[in-house]
Amino acid sequence: MERVRRAAHAGSWYTNNAKKLEEELDGWLGAAGLTKSPDVRAVIAPHAGYSYSGRCAAYAFGNIDPTNISRVFLLGPSHHYYTPKCALTKATVYRTPIGDLPVDQEAIEELSATGKFEFMDLSVDEAEHSMEMHLPYLSKVFQGHTVKVVPILVGALSSQSEAMYGQLLSKYVDDPSNFFSVSSDFCHWGSRFSYSYYDKKHGAIHKSIEALDRMGMEIIETGDPVAFKQYLQEYENTICGRHPISVFLHMLKHCSTKIKIGFVRYEQSSQCKSMRDSSVSYASAAAKVNASGEEGEEENKD
C-alpha cells in the first residue's frame, strides 16, 4: 500500500509551482557552476526556506554525479519531535512538486531489524522540514535516473548513540551506489535563539559569527567527531544538525573508504551589527573519496 509523505512545506518554505521551482533550482545550480564528480559521496547542506538558503544549497547538490547512485540516505535533525534515537519513515513515497522519490523499503527493513531505530508517524514526518528541503534538489539532480531515498530523522542523541549509529551505518558508505545527504544549518544567532556569543576581536558581530562557524567547519573537515563534540561543548554553537553531522563523522571513521569533507560555500541570512539583530548561517560541503592517501599518513602520526 502506498503511503505518501506530502510536500508539506511547498507553498511556504519554497514554491509549489513546479515550473518556477525547476527554474529556481536550475538558476542556482547554474550559478554555482560546479563540475559533477563521481568521487563525491555525500553532502552537507542547509535546510532553511529557499529564499534564504536555496542558493547556498546549490553548492552542495551541484557536485553530485547521479550516474551510479541508486540510493540516497537522508540524515536530518528533529526540530519539533523529541526522541533520543533515530527514527525511520513509515511513508513509501516522498512527494515533491517536481517528481516523487520512492522510499527504499528494503533498506528501511534492514535498519529496523537492528532494533536500534523507531518509526515516526506521518504527522511527525510531514511537520519536519530538515529533510524535505533537500528533496527538490535531489529530485532535480536525479532527473532521468532511478533513485530511492532512505530518510533517517536523527534525534537528540548522546555521544554514545552518535557513535553507535555511525558504526551501524558505516557499511553503507563503502558501497559507491549509496549517497548521503546530511541536513544542517549553522549558527542561529540572536535573542530569539537564546544565543549571542560575541568575540569582539573579530570586529562586527557577523564577523565573529563567521569566525565561530568557520572554526566548526574546519573541525568537521578533519573528520574527528570527538574534536567536533569538544567544540560544541566549548562554544555551544547552535548548529541544528550537530547530531546528523556527528553520526556522519562516525560513519566516515568506521568505513574503509577514505573520504574527506570540504566546505565550498558559507552565507548568512543577514549581517548582525547590533545585539538586537539575528541571523542564521548556512554552509555547504562535499565529501569526496580521498585517493591521495594523505589521510592514511595522518593516521600514522596518531
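Residues numbered from 1 in each chain as written. Predicted model: local features only at pLDDT ≥ 70, side-chain atom pairs only at ≥ 80, totals over all residues. Heavy atoms only, no water.

The name given to the protein in an unreviewed UniProt entry is Protein MEMO1, with the source organism recorded as Urochloa decumbens.

A. Up close: the sheet that holds strand E5 (residues 93-94). As summarised here, the arrangement of the three strands in space is E1-E5-E6, forming an open sheet in which the pairing is mixed. Every other strand in the sheet has two partners, leaving strand E1 (4-5) and strand E6 (101-102) as the edge strands with one partner each. With two bridges connecting them, E1 and E5 associate as parallel partners. Looking at E5, one finds that Arg-5 is bridged to Tyr-94. (Pairing = 2+ DSSP bridges. Helix = DSSP H or I, 4+ residues; strand = E, 2+ residues; numbered from the N terminus.)

B. Representation of the environment of Leu-25 within the structure. If you trace the backbone, Leu-25 turns up in helix H1 (residues 18-32). Classification of Leu-25 by relative accessible area gives buried; the value is 0%. Spatially, the C-alpha atom of Leu-25 lies 22 Å from that of Arg-5, the residues being 20 residues apart in sequence. In contact with Leu-25, not counting residues within four places along its chain, are Tyr-50, Ile-98, Pro-136, Tyr-137 and Lys-140. (Buried < 20%, exposed > 50% of the residue type's maximum accessible area, 1.4 Å probe, protein only. Contact = heavy atoms within 4.5 Å.)

C. Local environment of the packing of aromatic side chains. On inspection of all chains with the given rule, the structure shows 11 aromatic pairs. Considering the side-chain rings of Phe-61 and Tyr-137, the 5.0 Å spacing of their centres and the 10 degrees angle between planes classify their relative orientation as stacked. Of this pair, Phe-61 sits in helix H2 (residues 50-61) while Tyr-137 sits in helix H5 (residues 135-141), and the two are 76 residues apart along the sequence. Note on accessibility: Phe-61 and Tyr-137 belong to one class, buried. (Phe/Tyr/Trp six-rings, centres within 6.5 Å; stacked < 30°, edge-to-face > 60°.)

D. The arrangement of the pairing of strand E12 (residues 279-289) in detail. Buried residues dominate E12, accounting for nine of its 11 residues. Of the strand pairs in this sheet, strand E2 (residues 40-45) and E12 are connected by four bridges, and their pairing is antiparallel. Looking across to E12, one finds that Val-43 is bridged to Ala-286. In this sheet, E12 lies alongside strand E10 (residues 188-189) in antiparallel orientation, the contact comprising two bridges. By the bridge assignment, His-188 is partnered in E12 with Val-280. Summarising the sheet, strand E11 (residues 259-268) and E12 pair through nine bridges and their orientation is antiparallel. Within E12, the residue paired with Ile-261 across the bridge is Ala-287.

E. Spatial organisation of the pattern of salt bridges. Summed over all chains, the structure comprises 15 salt bridges. The closest approach of N and O atoms between Asp-125 and Arg-5, which form a salt bridge, is 3.0 Å. Of the two residues, Asp-125 sits in helix H4 (residues 122-127) while Arg-5 sits in strand E1, which places them 120 residues apart along the sequence. The exposure class assigned to Arg-5 is buried, which follows from its relative accessible area of 1%. Among the ionic pairs, Arg-214 bridges to Glu-210, the shortest N-O distance being 2.8 Å. Placement of both Arg-214 and Glu-210 in helix H7 (residues 205-222) is noted, with a separation of four residues, approximately one turn of the helix. Taking the relative accessible area as the measure of exposure, Arg-214 reaches 34% and is therefore partly exposed. Judged by relative accessible area, Glu-210 falls into the partly exposed class, the value being 25%. (Salt bridge = Lys/Arg side-chain N within 4 Å of Asp/Glu carboxyl O.)

F. Geometry of unusual backbone geometry. The phi dihedral of Ser-194 falls on the positive side, at around 55 degrees, and the residue is not glycine. Among the structural elements, Ser-194 can be located in the loop between E10 and H7. Within the chain, Glu-236 stands out as a residue other than glycine whose phi angle is a positive 55 degrees. Considering the arrangement of structural elements, one finds Glu-236 in the loop between helix H8 (225-235) and helix H9 (242-254).

G. Here's a closer look at the side chain of Ser-184. In this fold, Ser-184 is placed in the loop between strand E9 (178-183) and E10. For Ser-184, a relative accessible area of 0% gives the class buried. A polar side-chain atom of Ser-184 sits 3.0 Å from the main-chain amide nitrogen of Gly-241. Leaving out residues up to four positions away in the same chain, Ser-184 has contacts with Ala-45, Pro-46, His-47, Ile-239, Cys-240, Gly-241, Arg-242 and Ile-245. (Polar contact = N/O pair within 3.5 Å; in protein donor to acceptor, adjacent residues only side chain to side chain.)

H. Fine view of the nonpolar core. One finds Leu-111, Ile-152 and Ile-261 to be the most contacted residues of the largest nonpolar core, which totals 92 residues. Once residues lying within four places of it in the same chain are set aside, the contact partners of Ile-261 are Ile-44, Ile-220, Glu-221, Phe-248, Leu-249, Leu-252, Ala-285, Ala-286 and Ala-287. (Core = buried A, V, L, I, M, F, W, Y, C linked by side-chain atoms within 4.5 Å.)

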